[in-house]
Amino acid sequence: MSYENIDESYEFIRTHLPKYLTPKQTDNLFKLVKANFPNTDNDLIYSDELDSSLYYQGDAILDIPFSDFQQGSFDISYPKGIVISNTCDISSDNDRLFKPNVQLARVFGVNELIEQFKEDGHDAFKIDEFVSNLKGNRISNLFFLPKKITNGEVVMEDSFVRFDSNVTLPIEIFESTTYDKNYHPSGDRVFSFSNYGFYTFLIKLSVHYCRFREGVFRTA
């Protein structure tokens, strides 16, 4: 398998492909990501076929409590949240001395964002440019989620994840009957990611938290 003459971003992708895949699966995933990244596509990114006995990193869940600090006080809203904790860390099969928390990032609707920008008086050209960059996944702290359709029903309009808007909740909440792990509309899980969707999600998550672009030399 040869990946010669590819740019730095593709070299990063190749280096960080999942090690548990077979050589053929690795080759196919790399070709798929290279052909489509950073753009997302509804037919490529989502899956409703994973085991519904647990939640996975990248799963979107309905009605997650997020606090909003406005005018000196906190208000609670219940939008969708996406799991950013590692799957292994929150698995009930993982024996541990203390139970972990689950970290989730908030999901926003694109149309909701556009309307807010208009209310704030932003220039239409700048709004269009921002949305174009958002949908092209060119904004480091945001991950675009295309419209999700299940059995002909729109279960989520064009949306995006804000990696810098988080909440941490006890895992007991997700191990109880508070949330139904079945897929929407019968349960509270909106979607899981396919291999391609999960990998592009991890790339953006890693870029947001771990990129070496600080530009500060830290002396001892």
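Heads up: the structure comes first, above all this text.
Residues numbered from 1 in each chain as written. Predicted model: local features only at pLDDT ≥ 70, side-chain atom pairs only at ≥ 80, totals over all residues. Heavy atoms only, no water.

### Structural notes on the overall build of the protein chain
A tally of helices and strands in the protein chain yields eight helices and eleven strands. Taken over 220 residues, the protein chain has a buried fraction of 42%. Considering only residue pairs separated by 6 or more positions, the protein chain has 64% of its internal contacts joining residues 24 or more positions apart. Split by element, the accessible area of the protein chain, about 13,200 Å² in all, is 49% carbon and sulfur. (Helix = DSSP H or I, 4+ residues; strand = E, 2+ residues; numbered from the N terminus. Buried < 20%, exposed > 50% of the residue type's maximum accessible area, 1.4 Å probe, protein only. Contact = heavy atoms within 4.5 Å. Areas by Shrake-Rupley, 256 points an atom, 1.4 Å probe, with all protein chains shown as cover.)

### Remarks on the packing of aromatic side chains
Taken as a whole, this structure holds ten aromatic pairs when the rule is applied. Ring geometry for Phe193 and Phe201: centres 5.2 Å apart, planes at 35°, overall tilted. In this structure an aromatic cluster arises from ring pairing among Tyr46, Phe143, Phe163, Phe191, Phe193 and Phe201. (Phe/Tyr/Trp six-rings, centres within 6.5 Å; stacked < 30°, edge-to-face > 60°.)

### Quick word on the pairing of strand 9 (residues 153-156)
When strand 8 (residues 148-150) meets strand 9, the two strands line up antiparallel, connected through three bridges. The partner of Thr150 across the bridge, within strand 9, is Glu153. The turn linking strand 8 back onto strand 9 is made up of two residues, and Asn151 within it adopts a positive phi angle of 50°. (Pairing = 2+ DSSP bridges.)

### Quick notes on the environment of Arg162
Assignment of secondary structure puts Arg162 in strand 10 (residues 159-170). Judged by relative accessible area, which is 32%, Arg162 ranks as partly exposed. As a C-alpha pair, Arg162 and Ser140 span 22 residues in sequence and 9.5 Å in three-dimensional space. Not counting chain neighbours up to four residues away, the residues in contact with Arg162 comprise Ala105, Arg106, Phe108, Asn141 and Leu142. Polar contacts involving the side chain of Arg162 include one to the side chain of Asp164, which spans 2.9 Å. (Polar contact = N/O pair within 3.5 Å; in protein donor to acceptor, adjacent residues only side chain to side chain.)

### Structural notes on the packing of helix 5 (residues 110-119) against helix 6 (residues 124-135)
Interaxial distance between helix 5 and helix 6 falls to 11 Å at its minimum, and their mutual angle equals 155°. Classified by the angle between their axes, helix 5 and helix 6 sit roughly antiparallel to one another. The two elements helix 5 and helix 6 cross, and the hand of that crossing is right-handed. Contacts from Val110, Leu113, Ile114, Phe117 and Lys118 of helix 5 reach helix 6 at Ile127, Phe130, Val131 and Leu134. (Axes fitted to C-alpha atoms, helices over the stretch in contact; angles between N-to-C directions. Parallel < 35°, antiparallel > 145°, perpendicular 65-115°, else oblique. Left-handed = near helix turned anticlockwise from the far one by under 90°.)

### Observations concerning the nonpolar core
The biggest cluster of nonpolar side chains holds 19 residues, and the ones touching the most others in it are Ile82, Phe143, Leu145, Val161, Phe191, Phe193 and Phe201. Contributions of two or more residues to this core are made by strand 6 (101-109), strand 7 (142-145), strand 9, strand 10, strand 11 (189-193) and helix 8 (195-210). Ranked by the residues each element gives to this core, the list is headed by strand 11, at three residues. The next biggest cluster of nonpolar side chains, apart from the first, holds 13 residues, and it includes Ile61, Ile64, Leu104 and Phe174. (Core = buried A, V, L, I, M, F, W, Y, C linked by side-chain atoms within 4.5 Å.)

### Concerning helix 6
Along its twelve residues, helix 6 runs 16 Å from first to last C-alpha, staying within 8% of the 16 Å computed at 1.5 Å per residue. The complete set of buried residues in helix 6 reads Ile127, Val131 and Leu134. Buried residues along helix 6 cover an arc of 60° about the axis, so they all sit on one side. The exposed set on the far side of helix 6, more than 90 degrees from its buried face, consists of Phe125, Lys126 and Asp128. Close packing links the buried residues of helix 6 with helix 5, strand 7 and strand 10. (Expected span 1.5 Å × (residues − 1). Arc of directions from axis to C-beta.)

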